[in-house]
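A closer look at the structure
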Amino acid sequence: MKAQSSRLRQITVMALCLATLLQGCTLSLFQFNAPTLPSATTNTPDPAIPTVTPHPMAQTNFITTLPEPLQPGETLTIAVLDEVTGLPVNPTTYPMAARDPLTYTATLPLPYNTVVKYRYIKRTSAGQVVEDTTKGTSIRYRLYYAIGPADVTDIVADWGDKSYARPTGSIQGRVFNTDTGSPLPNVMVSAGGIQYLTDSTGHFELSGVPVGTHNLVAYSLDGMYHTFQQGAAVVDGQVTQADMRLAPARLVNITFIVSTPAETVPGAPVRIAGNILQLGNTFADLEGSLSVAPERMPTLNLQADGKYAVSISLPVGAHIQYKYTLGDGFWNAEHKKSGEWVLRDFIVPEQDSTFQDSVETWLAGNSSPILFEVNVPSTTPSGDIIYIQFNPYGWTEAIPMWPLGNNRWAYQLYGPINTLGSFGYRYCRNGQCGSADDAQTSAANTSGRQAVTSITAQDIQDTVNAWKWFENPEPGTLVGAAIVARANGFMAGVEFQPTFRPNWSYFIPQALINAQAIGSNQIVFSPTWTYSSVNPLTFATAPGQDPLWIDSAIMLSQAKTLGLNTAIFPQANFANGSSATFWQSAPRDAQWWQTWFARYRAFAIHYADLATQSGAGTLILGGDSIMPALPGGKLADGSSSNTPADAEAQWKSIIAEVRTHFGGKVYWALPFVESGLDTPFTFLQDVDGIYLLWSAKLATSQTATKTDYANEAGRLLDNEVAPLATVLNKPIILAVSYPSAAGAASGCIPDAGSCLDWSLLSRPNPDYASVSLSLQTQSDLYEALLIAINSRAWISGFVSRGYYPPAALQDKSTSVHNKPAADILWYWYPRMLGKIQ
């Protein structure tokens, strides 16, 4: 119970942070022609400011070994990184001196009890080269916890411009709560620049670590547990076991009060960007290699005296780095008058405290601010937020604009623009630039609209004439039908697509409301882990691509608050290509299969634990991507996947172990293949139901009608699916996926001589110009299937797959978000559930 209470405490803290964040949309906003301060609801409290004393410094010697001597003219530096501003943006670099041709040293004064993020950089005549892992991936950063004077020994495995063959081993273990002994998920474990987020059992594994002694660090992303570090010796081809125990931190209330400079636009939302989850850090490389997301930052409240303030619960002893901003950690963040970046830091004290700060300026250099004003179409959904995205060296994270009313939005850009000259920018909806774009700048390779910096203030006024994929939203055409109310327990649901971006968290509550508004009683979440390496096999949470444990827990909690039933359908991302490419390139020998089943088992248990903690009613295993791992599995080309002889036993064992972690219903996601369901796997007897992934061909003729679709769907259900239901004697949920594209009814949209993987039509993937949009086709297919199941009471549910949560788009994807197909569900779902007669 203590472990569950601790996790619930984390969810509560993060949920309160999100609630604070959401206040940013309810600010009383300014009028440019006559700026006035919004009415304040609270006064600035008298601050109980802690005594400011300089941080005592720990002299730390960094000693690193290189893979080969530097070439003449090359130098080595150690870069201490700033993840709040952006890892490549504001590093503090220190030259390193050669002790011998392969060993370099540097002594850094580091404040006590701080967590330092750093990496090594080789400077050549062609520029700088960042160190790599032995797998050829760039090192984001190494971690070091400065608790006193010390020597830190590191090994540079590779450089970005050259790889080396070297002996490696691995470090594995588990992370536990010191007080309760319970395992800790969502802890970053790092050694040699390789990072891993622990799963629900506290497990981590760092593979491809160079032989030698490394600094092993366990770091809590939200600071709720104190950082722990120890040495770890890695031996060639061996596994070093290392369990770690982290002490929980007590929460105190920290109040931030800040005075802003005269150039601040009255009423503009001021946020705090920082280095922990609660302050917007995603621990990921977002667009432009930035890491903090404005949607996830706390928003300060404007006070009667013109100052801004916010109170946040923070863990005692956590090292906090932060800055104030009108954008994110890079755009419109505070600067010194001299133009330098500002990065504040402190160690959270033992008692409630108030910090009073002052922003010197939002400007950086001599360039004057640029005011962007934009009129957007009247068809823009009322709840949408308009964003602006800048392109100084490549597209960076989009920034929310400020609403003026009457479809007008504005954003004043202060900095850093002094060195840009000209730069690109574009507008989009709900932060989904590249997906929900201004039609004028929607091309995949767009450089956007253009702006030029000046020493004179500018007011750029734009008009968005149309939104891409929402130019003229088409309503659905509804046809009355005699709908049979289903028995209690019928699942009428929506499945969110498995793609995830950190700024989606802001828009999930509205997506849940929208799903409920069409009559859904069930939300199926599809959280993911990522295969980042085939061999050695690495399968774990990848920040920025996969939702963190806390992200999923909050989304599930939000759905339950609305009274929606929840299910978890965990799926896989593939960092280096498609599922087919992954399986084709895998060794698939006995040892590799053993590792694969062990990792999938951990994956399933992780989400079984999440389902238990969150109160989800159903856990769905299986799916398209694991088909080659089933008994007698096949690759995409039809050849054998060489699954082990005990595959059936492996799956039975995984399901049995999942049930020891989760007491709800366990379903199996089985892709529908015509004439492929006649010999069900034995282990399917061990699950509670079948989640049938349906995208079957319903027509061979382009002139086929909705009635033809319904008749073919009925034939397939009776001849193919009903026998399966009889054999298994388990409920069947029809999980439907059809894109809004011409040819979807045929089950195959041609693509270079084969059939297109329909998931490629989902956002944020680029558009397939060769595929024709057809909203009516998707709508007709949905209605035909609903007609077919209307007379088949043995079908226990209907779920629409691929829902795109952050924005309504009438695109070619399988999402029904604000498409005519959603209108069909709006008509059918309440009647099937007996809510409307």
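It should be emphasised that the depicted structure is a prediction, and the values quoted were computed from it without experimental measurement.

What about helix H6 (residues 647-661)?
In a regular helix each residue adds 1.5 Å, so 15 residues correspond to 21 Å; H6 covers 22 Å between its end C-alpha atoms and thus fits that length. For H6, the set of buried residues is Ala647, Gln650, Trp651, Ile654, Ile655 and Val658. Within H6, the buried residues cover an arc of 130° as seen down the axis, which keeps them to one side. Packing partners of the buried residues in H6 comprise helix H5 (590-614), strand S40 (618-622) and strand S41 (665-671).

Examining the nonpolar core
In a soluble, globular protein the nonpolar side chains are often hidden away together inside. Trp596, Trp651, Trp668, Leu692, Trp694 and Phe798 are the most contacted members of the largest nonpolar core, which has 115 residues in total. Of all the elements, H5 adds the most residues to this core, at 11 residues. Counting 81 residues, the second largest nonpolar core, distinct from the first, contains Val270, Val310, Val376 and Tyr414.

As for the packing of H5 against H6
Running from N to C, H5 and H6 cross one another at 25°; their axes reach a closest spacing of 9 Å. Of the possible angle classes, the one that applies to H5 and H6 is roughly parallel. Along this stretch, H5 crosses H6, giving a crossing that reads as right-handed. Across the interface between the two elements, Trp596, Phe597, Tyr600, Arg601, Ala604, Ile605, Ala608, Asp609 and Thr612 from H5 touch Ala647, Gln650, Trp651, Ser653, Ile654, Glu657, Val658 and His661 from H6. Residue composition of the contact of H5 with H6, grouped by class: 10 nonpolar, 4 polar and 3 charged.

Brief notes about the state of the cysteines
Linking two cysteines covalently via their sulfur atoms produces the bond known as a disulfide. Enumeration according to the criterion identifies 2 disulfides in this entry. Covalently, Cys428 is tied to Cys433 through a disulfide, its sulfur atoms 2.0 Å apart. Residues Cys428 and Cys433 are joined by a disulfide whose S-S torsion is about -75°; by sign, that bridge is left-handed. Since its relative accessible area comes to 12%, Cys433 is described here as buried.

As for the environment of Ala745
Here Ala745 lies in the loop between strand S43 (732-736) and strand S44 (750-751). Judged by its relative accessible area of 7%, Ala745 falls in the buried class. Sequence separation between Ala745 and Leu781 is 36 residues; the distance between their C-alpha atoms is 7.0 Å. Ala745 has contacts with Ala696, Lys697, Leu698, Ala699, Tyr709, Thr777 and Leu781, leaving out every residue within four places of it along the chain.

Cut-offs applied
- Residues numbered from 1 in each chain as written.
- Predicted model: local features only at pLDDT ≥ 70, side-chain atom pairs only at ≥ 80, totals over all residues.
- Heavy atoms only, no water.
- Helix = DSSP H or I, 4+ residues; strand = E, 2+ residues; numbered from the N terminus.
- Expected span 1.5 Å × (residues − 1).
- Buried < 20%, exposed > 50% of the residue type's maximum accessible area, 1.4 Å probe, protein only.
- Arc of directions from axis to C-beta.
- Contact = heavy atoms within 4.5 Å.
- Core = buried A, V, L, I, M, F, W, Y, C linked by side-chain atoms within 4.5 Å.
- Axes fitted to C-alpha atoms, helices over the stretch in contact; angles between N-to-C directions.
- Parallel < 35°, antiparallel > 145°, perpendicular 65-115°, else oblique.
- Left-handed = near helix turned anticlockwise from the far one by under 90°.
- Nonpolar A, V, L, I, M, F, W, Y, C, P; charged D, E, K, R; others polar.
- Disulfide = S-S within 2.5 Å.

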